[in-house]
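# Results of the structural survey
Listed here are the chains, written in short residue letters.
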Amino acid sequence: MNNQPSHKCNFCHSPLHHLVTDLGVQPLCEDKIRVEDLTKMEPHFPLQVYVCEKCFLVQAPAVVSPEIIYRDYAYYSSYSDTWVQHAKQYVDYVSERFEISPNHLVAEVASNDGYLLQFFKEKGIPVLGIDPSTEIAEYAEKEKGIRTEVKFFGYETAKYLVETYGKANLIIGNNVLAHVPDINDFLKGMKYFLAEGGLITMEFPHLERLIEENQFDTIYHEHFSYFSFTTVKEIFKSYGLCLFDVQQLKTHGGSIRIHACHRGDTSKPISQAVHDLLKHEHELGMDTLAYYDHFNNKVKETKRKILEFLIKVKRENKQVVGYGAPGKGNTLLNYCGVRTDFLDYTVDINPHKQGNFLPGTHIPIHHPDKIKETKPDYVFILPWNLKDEIINYNKYIYEWGGKFVVPIPELMILNNHQE
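Figured I'd write up the structure that's included with this text. Everything numeric here is computed off the predicted structure, so don't read it as measured data.

## Some words on the overall build of the protein chain
The number of helices and strands found in the protein chain is 13 helices and 17 strands. Along the longest, intermediate and shortest principal axes, the C-alpha atoms of the protein chain span 65 × 50 × 45 Å. Per-residue burial over the protein chain gives 58% buried out of 419 residues. Relative to all contacts within the protein chain whose residues are 6 or more apart in sequence, the contacts with residues 24 or more apart total 69%.

## Focus: the state of the cysteines
By definition, a disulfide is the covalent link that joins the sulfur atoms of two cysteine residues. Tallied over the full model, the rule gives zero disulfides. You can see Cys336 has no disulfide; the closest cysteine sulfur is in Cys29, sitting 15 Å from it. Taking relative accessible area as the criterion, Cys336 reaches 5% and is therefore assigned buried.

## Things to note about the sheet that holds strand 8 (residues 194-205)
Strand order across the open sheet formed by seven strands is 6-5-4-7-8-11-10, with mixed pairing between neighbours. Pairing within the sheet leaves two strands with one partner each, and these edge strands are strand 6 (148-149) and strand 10 (241-249). Where strand 7 (residues 168-174) and strand 8 come together, six bridges link them in parallel fashion. Looking across to strand 8, one finds that Ile172 is bridged to Thr201. Running over the sheet, helix 6 (residues 183-193) touches strand 4 (106-109), strand 5 (127-130), strand 7, strand 8, strand 10 and strand 11 (255-262) and is turned about 140° from strand 8.

## Here we look at the pattern of salt bridges
Taken as a whole and judged by the stated rule, the model has 14 salt bridges. When the shortest N-O distance is used, the salt bridge between Asp92 and Lys88 registers 3.6 Å. Pair noted here: Asp92 and Lys88 are both in helix 2 (residues 81-97), with a separation of four residues, about one helical turn. For Lys88, a relative accessible area of 33% translates into the label partly exposed. Salt-bridge contacts for Glu208 lead to Arg209; the nearest nitrogen and oxygen are separated by 3.4 Å. Relative accessible area serves as the criterion here: at 7%, Glu208 is assigned to the buried category. By sharing partners, the salt bridges in this structure join Lys88, Asp92 and Lys123 into a single network.

Conventions adopted
- Residues numbered from 1 in each chain as written.
- Predicted model: local features only at pLDDT ≥ 70, side-chain atom pairs only at ≥ 80, totals over all residues.
- Heavy atoms only, no water.
- Helix = DSSP H or I, 4+ residues; strand = E, 2+ residues; numbered from the N terminus.
- Buried < 20%, exposed > 50% of the residue type's maximum accessible area, 1.4 Å probe, protein only.
- Contact = heavy atoms within 4.5 Å.
- Disulfide = S-S within 2.5 Å.
- Pairing = 2+ DSSP bridges.
- Axes fitted to C-alpha atoms, helices over the stretch in contact; angles between N-to-C directions.
- Salt bridge = Lys/Arg side-chain N within 4 Å of Asp/Glu carboxyl O.

What follows is the structure, encoded as structure tokens:
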């Protein structure tokens, strides 16, 4: 409990008193650290999470501006086959269920490298991407032909988009809602940008999974908010938007996909799934402060278990390397104090990350072929939400007796008999 709050709720502006967890001071998790940066000062910022006592929005107060966070953003969605397949399945689903046609405009907020909109384009449906990263937007346009506006989304951007392209019949936002520092401005923009009879779908990690499965590494400075369905429903309601359906997904360790429309749109009745999830969250106590009180102790215990494992195997002269260079991995490594004394290097399939170093820990990032060269004893999977895909592509490590390590929700060591 923090009795000296200096922050206010991102949604309802109530003072934030109730601390959920404190992950110390951390660098920006997607910063690109080059060789020439290794001797320079690296900014670190507090990473604390609170729950609002009034609306129960779980949030990390903004301590650094989005312009700084996204100045050199290196995350390309297309490098995950699992995620691209998920996007394709979504496009087929939403196109069929809601009869999305070439007469409609589909817009995606935080469209990244065009990984999703490419599948609407294949169907001849007009698309528009909105993304604040110049580098990624250029890639989407040049490589995939996705017209993309390089902007942060909010009310002013929505007015510009409506003037330029008209209103959108389908607005998509996958893993963007958590990244929004001013959620009120964002929702005001969504309301304005949505055509009458239109649809909004958004996906984001479900707060229940973060708390229940100890997914503390999904907390980082890019993520300003962490949502229960109960709270997000009230946020949308305050801007005249009705959540009429919700689906539970396996992506990112357990996500939900919300479906929203203008309030009063009788063509979209409220599904039973909405009532069921609201009831489930209420029974868990997610609308009470007590629900969040034990999370911090679970986080600390996970840190102890990870360090106990690493200390043990390094004293046995075993080599441990990482797989992946995701934001969540950087939160975990920096919180646990894991550097090259424990993890010799990590690898990543994304060529934009190879040859650089992880922020804070300065662990080098190599091409995945490095694993075949050094034949490590353990491969520590940092993007644990993609562990099945990663293990499937890298089963060759079993040839020399190598094992995979998965840190979340519980530290697991997997060999070829334990997958």
